[in-house]
Amino acid sequence: MSAMPTLFLSHGAPDTAVADTQAAAFLRRLAADLPVPRAILVASAHFERDGRVGVTSDAAPETIHDFGNFDPRLFQMRYPAPGDPELAQRIVSLLAEAGFDAEAVAGRGFDHGTWVPLLLAYPGADIPVVQVSVDPTRDAAYHLDLGGALSDLRGEGVLVIGSGSFTHNLPEAFDRIRQGIRVDATPDWVTQFVDWMGDRLVAGDRAALADYRRRAPFAEKNHPTDEHLMPLHVALGAAGSGAKGEWLHASRDFGVLSMDAFAFR
């Protein structure tokens, strides 16, 4: 079996699931360009664990509506994909072998960082899904190493997805959301950051990406907290040594949320 690529997807606001946006249209056609995975592993920005790595282990995870004040239709949506307890244990073992404090987590369903993009890309919900957590107390280098510990899964038919946001300044976004402005001009501080990050992902410049907080222009303005970028580093790390990025999609939501997506090979 040829190795799967890994992906970074910007999941955006929860209503991406029902929105008529460029990013939603991209996600709806994403699976057509990929091999069919036997399972999907998602590192979601909305699954956080301090000091350790959690791996969801339920056979039938629930759908979590971890948001408020969005389209009422969203709260009726379910993503009934099965879990994969055996794969979860395999992931815990791989992480432990690499020196991570990892544990299986029961009773933790799919957050919107997982079910929103998968609902669009894999609406049949017939592929098993497991989530792995990010650690908001650790840096990009840690998450690159975390992804690296999972790289063997690519050869086992597992599609590794990092689900976050290429930029994530929520105060700026919510200001536009309150005004009902979904399409807006992109500020220069967003463009400069996106261009810098994208160029280095395409080049596979891990040293620069691991130090993005210091080197990238407007890094802290685009990511006041960086949990929404850590899934990108997991996906890049999981692609294996020497992997480079392919820019699959670029668009903006509310002017300041970059909905960019990348594949790593």
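This text goes with the structure placed above it.
Residues numbered from 1 in each chain as written. Predicted model: local features only at pLDDT ≥ 70, side-chain atom pairs only at ≥ 80, totals over all residues. Heavy atoms only, no water.

A. Spatial organisation of the overall build of the chain. Helix and strand counts for the chain come out as 10 helices and 10 strands. For a compact globule of 265 residues, the expected C-alpha radius of gyration is about 18 Å, and the chain comes in at 17 Å, within 12% of that figure. On the principal axes, the C-alpha backbone points of the chain span a range of 45 × 45 × 35 Å. Expressed as a percentage of the 265 residues in the chain, the buried residues total 57%. (Helix = DSSP H or I, 4+ residues; strand = E, 2+ residues; numbered from the N terminus. Rg over C-alpha atoms; globule rule 2.2 N^0.38 Å. Buried < 20%, exposed > 50% of the residue type's maximum accessible area, 1.4 Å probe, protein only.)

B. Main features of the packing of helix 1 (residues 22–30) against helix 3 (residues 112–121). At a minimum axis separation of 6 Å, helix 1 and helix 3 run at an interaxial angle of 65°. Residues Ala24, Leu27, Arg28 and Leu30 of helix 1 form the contact with helix 3, whose participating residues are Pro117, Leu120 and Ala121. For the contact of helix 1 with helix 3, the class distribution of residues is 6 nonpolar, no polar and 1 charged. (Axes fitted to C-alpha atoms, helices over the stretch in contact; angles between N-to-C directions. Contact = heavy atoms within 4.5 Å. Nonpolar A, V, L, I, M, F, W, Y, C, P; charged D, E, K, R; others polar.)

C. Representation of the environment of Ala238 in the model. With respect to the secondary-structure elements, Ala238 resides in helix 10 (residues 230–238). Along the primary structure Ala238 and Arg154 are separated by 84 residues, whereas in three dimensions their C-alpha atoms are 7.9 Å apart. Residues in contact with Ala238, not counting those within four places in the same chain, are Thr6, Gly147, Gly148, Ser151, Arg154 and Val160.

D. Examining the side chain of Ser165 more closely. Within the secondary structure layout, Ser165 lies in the loop between strand 6 (158–164) and helix 5 (170–178). Taking relative accessible area as the criterion, Ser165 reaches 2% and is therefore assigned buried. In this structure the side chain of Ser165 is engaged in a polar contact, spanning 2.4 Å, whose partner is the backbone oxygen of Thr167. Setting aside anything within four residues of it in sequence, one finds Ser165 in contact with Phe8, Ser10, His223, His228, Leu229, Leu257 and Ser258. (Polar contact = N/O pair within 3.5 Å; in protein donor to acceptor, adjacent residues only side chain to side chain.)

E. Quick peek at the environment of Pro72. By secondary structure assignment, the location of Pro72 is in the loop between strand 3 (53–56) and helix 2 (85–97). Given the relative accessible area of 60%, Pro72 is considered exposed. Sequence spacing of Pro72 and Gly83 is 11 residues, and the spatial spacing of their C-alpha atoms is 26 Å.

F. Up close: the pairing of strand 3. Covered by surrounding structure in strand 3 are Val53 and Val55 together with Gly54 and Thr56, the residues of both alternating faces. Judged from the 4 bridges that link them, strand 3 and strand 4 (residues 102–105) form a sheet pairing that is parallel. Residue pairing for strand 4: Val55 is matched across the bridge by Ala104. (Pairing = 2+ DSSP bridges.)

G. How the structure looks around the side chain of Asp226. Inspection of the secondary structure assignment puts Asp226 in the loop between helix 9 (219–222) and helix 10. Of the buried charged residues, Asp226 lacks a salt bridge, with Arg213 as the closest side chain of opposite charge at 4.3 Å. Contact partners of Asp226, with chain neighbours within four places excluded, come to Tyr212 and Arg213. (Lys, Arg positive; Asp, Glu negative; His and termini not counted. Salt bridge = Lys/Arg side-chain N within 4 Å of Asp/Glu carboxyl O.)

H. The arrangement of the nonpolar core in detail. Ile40, Tyr79, Trp115, Tyr122, Phe166 and Tyr212 are the most contacted members of the largest nonpolar core, which totals 63 residues. Considering each element in turn, this core owes the most residues, 7 residues, to helix 6 (residues 188–203). Apart from residues no more than four positions distant in its own chain, Tyr122 is found in contact with Ala31, Leu34, Pro37, Ile40, Tyr79, Ile127 and Leu159. Listed in part, the 24 residues of the second largest apolar core include Ala43, Val55, Ala88 and Leu153. (Core = buried A, V, L, I, M, F, W, Y, C linked by side-chain atoms within 4.5 Å.)

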